[in-house]
Amino acid sequence: MLMRTDPFRELDRLAQQLVGPGTWSKPSAMPMDAYREGDEYVVAFDVPGVTADAIDIDVERNMLTVRAERRPVAKADDAQMELSERPLGVFSRQIVLADTLDTEHIKADYDAGVLTLRIPIAERAKPRKICIGVGTGHKEISG
């Protein structure tokens, strides 16, 4: 139901770690998990240290885009940085959603640094039973 848009995403993620923080024009990759749970798809993004108001979720046609920005924490004027390993900047992920998903009813929850999207499977894509009618007469079709 989901397709990767960039086969070199992992290589790009490693390069971004070496180059520096992401920007709005060139965001860093955002790790995610995707799985089916009952009648919905669940996509979970790791965005620790990001406030809910710094997360942007868009759907255009079948393209889902999630962007988040981790901003620097305010420090006292006399604070002296000894070690800084936590990446700052913009993080983004785009995934193509299948036509069988209902993009009109996506639910988003954010808890403990994990953004979870629940995307229901469209009614037309769910398996259904087709009843077979049994007729008593035969119809002849002529052309």
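As shown above, the structure is provided for reference.
Report on the accompanying structure. (Residues numbered from 1 in each chain as written. Predicted model: local features only at pLDDT ≥ 70, side-chain atom pairs only at ≥ 80, totals over all residues. Heavy atoms only, no water.)

1. Quick word on the overall build of the protein chain
Piece 1. Across its full length, the protein chain carries 1 helix and 9 strands.
Piece 2. Reading the secondary structure of the protein chain in the N-to-C direction produces β-α-β-β-β-β-β-β-β-β.
Piece 3. Excluding contacts between residues fewer than 6 apart, the proportion of contacts in the protein chain whose partners are at least 24 apart in sequence is 58%.
Piece 4. Surface accessibility of the protein chain: about 10700 Å² in total, with carbon and sulfur atoms responsible for 52%. (Helix = DSSP H or I, 4+ residues; strand = E, 2+ residues; numbered from the N terminus. Contact = heavy atoms within 4.5 Å. Areas by Shrake-Rupley, 256 points an atom, 1.4 Å probe, with all protein chains shown as cover.)

2. A few points about the nonpolar core
Piece 1. Core analysis: the biggest nonpolar cluster contains 19 residues, and Met30, Phe45, Val47, Ile55, Val66 and Leu115 have the highest contact counts within it.
Piece 2. Those elements that place two or more of their residues in this core are strand 4 (40-46), strand 6 (63-70), strand 7 (89-97) and strand 9 (114-120).
Piece 3. With residues up to four places along the chain from it excluded, the contact list for Met30 reads Phe45, Asp46, Val47, Val66, Arg67, Ala68, Phe91, Ser92 and Arg93. (Core = buried A, V, L, I, M, F, W, Y, C linked by side-chain atoms within 4.5 Å. Buried < 20%, exposed > 50% of the residue type's maximum accessible area, 1.4 Å probe, protein only.)

3. With respect to the pairing of strand 9
Piece 1. Of all the 7 residues making up strand 9, 5 are buried; the element is thus mostly covered by neighbouring parts of the structure.
Piece 2. Here 7 bridges tie strand 4 to strand 9, and the two strands are oriented antiparallel to one another. In the sheet register, Phe45 faces strand 9, and the bridge partner there is Leu115.
Piece 3. Two elements, strand 8 (residues 107-111) and strand 9, share 5 bridges in a ladder whose sense is antiparallel. What sits directly across from Ala108, in strand 9, is Leu117.
Piece 4. Between strand 8 and the antiparallel strand that follows it, strand 9, lie 2 residues; Ala112 among them carries a positive phi value of about 55°. (Pairing = 2+ DSSP bridges.)

4. Details of the layout of surface pockets
Piece 1. The computed volume of the second largest pocket comes to approximately 270 Å³.
Piece 2. Every residue lining the second largest pocket is counted, 16 residues in all, and those nearest its centre are Arg71, Pro72, Val73, Arg86 and Leu88.
Piece 3. Its residues placed into classes, the lining of the second largest pocket shows 7 nonpolar, 3 polar and 6 charged. (1 Å grid on protein atoms, 1.4 Å probe; cavity = no way out; pocket = protein on both sides within 12 Å on 5 of 7 lines; lining within 4 Å. Points joined across faces, edges and corners; volume = space filled by probe spheres on them. Nonpolar A, V, L, I, M, F, W, Y, C, P; charged D, E, K, R; others polar.)

5. Examining the side chain of Glu40
Piece 1. Considering the arrangement of structural elements, one finds Glu40 in strand 4.
Piece 2. Separated by 3.0 Å, the side chains of Glu40 and Arg118 make a polar contact.
Piece 3. Beyond its immediate sequence surroundings of up to four residues, Glu40 is in contact with Tyr35, Arg118, Ile119, Pro120 and Ile121. (Polar contact = N/O pair within 3.5 Å; in protein donor to acceptor, adjacent residues only side chain to side chain.)

6. Things to note about the sheet that holds strand 8
Piece 1. The strand order 3-4-9-8 describes an open sheet built from 4 strands, whose pairing is antiparallel. Of all strands in the sheet, those bounded by a partner on one side alone are strand 3 (32-37) and strand 8. Averaged over all pairs of adjacent strands, the angle between strand axes in this sheet comes to 20°, irrespective of strand direction. (Axes fitted to C-alpha atoms, helices over the stretch in contact; angles between N-to-C directions.)

7. Quick notes on the pairing of strand 5 (residues 55-60)
Moving residue by residue along a regular strand, the side chains alternate between the two faces of the sheet.
Piece 1. Both strand 5 and strand 6 contribute to a ladder of 6 bridges, which runs antiparallel. Opposite Ile57, over in strand 6, you have Val66 as the bridge partner.
Piece 2. If you look at the hairpin formed by strand 5 and strand 6, you'll find 2 residues sitting between the two strands, and Arg61 has a positive phi there, around 55°.

8. As for the pattern of salt bridges
Piece 1. A full pass over the atoms with the stated rule returns 3 salt bridges.
Piece 2. With a shortest N-O distance of 3.0 Å, Glu40 and Arg118 are connected by a salt bridge. A residue pair is termed long-range when its members are at least 10 positions apart, and Glu40 in strand 4 and Arg118 in strand 9 qualify at 78 residues.
Piece 3. By relative accessible area, Glu40 is classed as buried at 19%.
Piece 4. Overall, Arg118 belongs to the partly exposed group, its relative accessible area being 23%.
Piece 5. Within this structure, Glu37, Glu40 and Arg118 form a network of salt bridges that share partners. (Salt bridge = Lys/Arg side-chain N within 4 Å of Asp/Glu carboxyl O.)

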